[in-house]
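Per-entry structural report
Chain by chain, the residues run as shown.
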Amino acid sequence: MRVAIRVNGQEYSSEIEPRLLLVHFLRSTLGLTGTHWGCDTSNCGACTVWLDGVPVKSCTTLAAMADGHEVKTIEGLESGGVLDPVQQGFIEEHGLQCGFCTPGMMMAARALLDRNPDPDEATIREAISGNLCRCTGYENIVRAIRWAAAHQTAQEGAIA
């Protein structure tokens, strides 16, 4: 079957198997390897991307379900060579260790900050609860998201 999917603002059209998972379409067909393939059961969240602005687990989403829709991956967070405040926050606050969960964690965090630009710690923890990190106690991840919340307004002003 043929699908047409807009990924990170660019149109892609490809012939795919109907059973192809979105994570495999992104990684193997498009070469966007920032989205990680982890548990294959929707438990870890490493594969989180946005489908029409809503975070989804791409390991249990068929590529065919994205036909005619917009997908945003971790590669789409950076804009014009400037890191998204969430990406910068993970650097500033050491919000990653092995980095495997990081792309999905960042996509969940950006979705939260788009809905709630100043979340408290409990709200952040709830928002990332579908994303597992096996290396940390989440303290630095929460700090990274709080850093991003505090710095996103300043960056938006600099970009405008």
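Everything here concerns the structure above.
Since the structure is predicted, the reported quantities are computational estimates derived from the model, not experimental observations.

1. Looking at the overall build of the protein chain
Of regular secondary structure, the protein chain possesses 5 helices and 5 strands. In sequence order, the protein chain lays out its α and β elements as β-β-α-β-β-β-α-α-α-α. Radius of gyration (C-alpha) of the protein chain: 15 Å, near the 15 Å computed for a compact globule of 160 residues. Taken along its principal axes, the extent of the C-alpha atoms in the protein chain is 45 × 35 × 25 Å. Looking at the protein chain as shown, the accessible area adds up to about 7900 Å², and 52% of this sits on carbon and sulfur atoms. Separation of charge centres in the protein chain, based on 12 positive and 19 negative side chains, amounts to 4 Å.

2. Focus on the sheet that holds strand β1 (residues 2-7)
The mixed open sheet is built from 5 strands, whose spatial order is β2-β1-β5-β3-β4. Either end of the sheet is taken by a strand with one partner, and the two such strands are β2 (10-15) and β4 (54-57). Neighbour to neighbour, the strand axes of the sheet diverge by 40° on average, direction disregarded. Here β1 pairs with β2 via 6 bridges, running antiparallel. From the neighbouring strand, Ala4 faces β2, where its bridge partner is Ser13. The strands touched by helix α1 (residues 22-29) within the sheet are β1, β2, β3 (48-51) and β5 (70-72), with β1 carrying the most contacts at an inclination of about 80°. Relative to the sheet, helix α3 (residues 102-115) contacts β3, β4 and β5, its axis offset from that of β3 by approximately 45°.

3. A word on the packing of helix α2 (residues 85-92) against α3
Running from N to C, α2 and α3 cross one another at 125°; their axes reach a closest spacing of 9 Å. Overall, the two elements α2 and α3 adopt an arrangement that is oblique. As α2 runs across α3, the sense of the crossing is right-handed. Along its contact with α2, which presents Pro85, Val86, Gln87 and Phe90, the element α3 presents Thr102, Met105, Met106, Ala109, Arg110 and Leu113. Counted by class, the contact of α2 with α3 contains 7 nonpolar, 2 polar and 1 charged residues.

4. So, the pairing of β1
With burial as the criterion, only one face of β1 is covered, namely that bearing Val3, Ile5 and Val7; the residues Arg2, Ala4 and Arg6 on the opposite face remain uncovered. Taken together, the 2 bridges between β1 and β5 define a ladder with parallel strand orientation. Bridged to Arg6 within β5 is Glu70.

5. A closer look at the environment of Thr33
As for its placement among the helices and strands, Thr33 is situated in the loop between α1 and β3. Taking the C-alpha atoms as reference points, Thr33 and Pro103, separated by 70 residues in sequence, lie 10 Å from one another. Setting aside anything within four residues of it in sequence, one finds Thr33 in contact with Arg27 and Glu75.

Cut-off values and rules
Residues numbered from 1 in each chain as written. Predicted model: local features only at pLDDT ≥ 70, side-chain atom pairs only at ≥ 80, totals over all residues. Heavy atoms only, no water. Helix = DSSP H or I, 4+ residues; strand = E, 2+ residues; numbered from the N terminus. Rg over C-alpha atoms; globule rule 2.2 N^0.38 Å. Areas by Shrake-Rupley, 256 points an atom, 1.4 Å probe, with all protein chains shown as cover. Lys, Arg positive; Asp, Glu negative; His and termini not counted. Charge placed at Lys NZ, Arg CZ, Asp CG, Glu CD. Pairing = 2+ DSSP bridges. Axes fitted to C-alpha atoms, helices over the stretch in contact; angles between N-to-C directions. Contact = heavy atoms within 4.5 Å. Parallel < 35°, antiparallel > 145°, perpendicular 65-115°, else oblique. Left-handed = near helix turned anticlockwise from the far one by under 90°. Nonpolar A, V, L, I, M, F, W, Y, C, P; charged D, E, K, R; others polar. Buried < 20%, exposed > 50% of the residue type's maximum accessible area, 1.4 Å probe, protein only.

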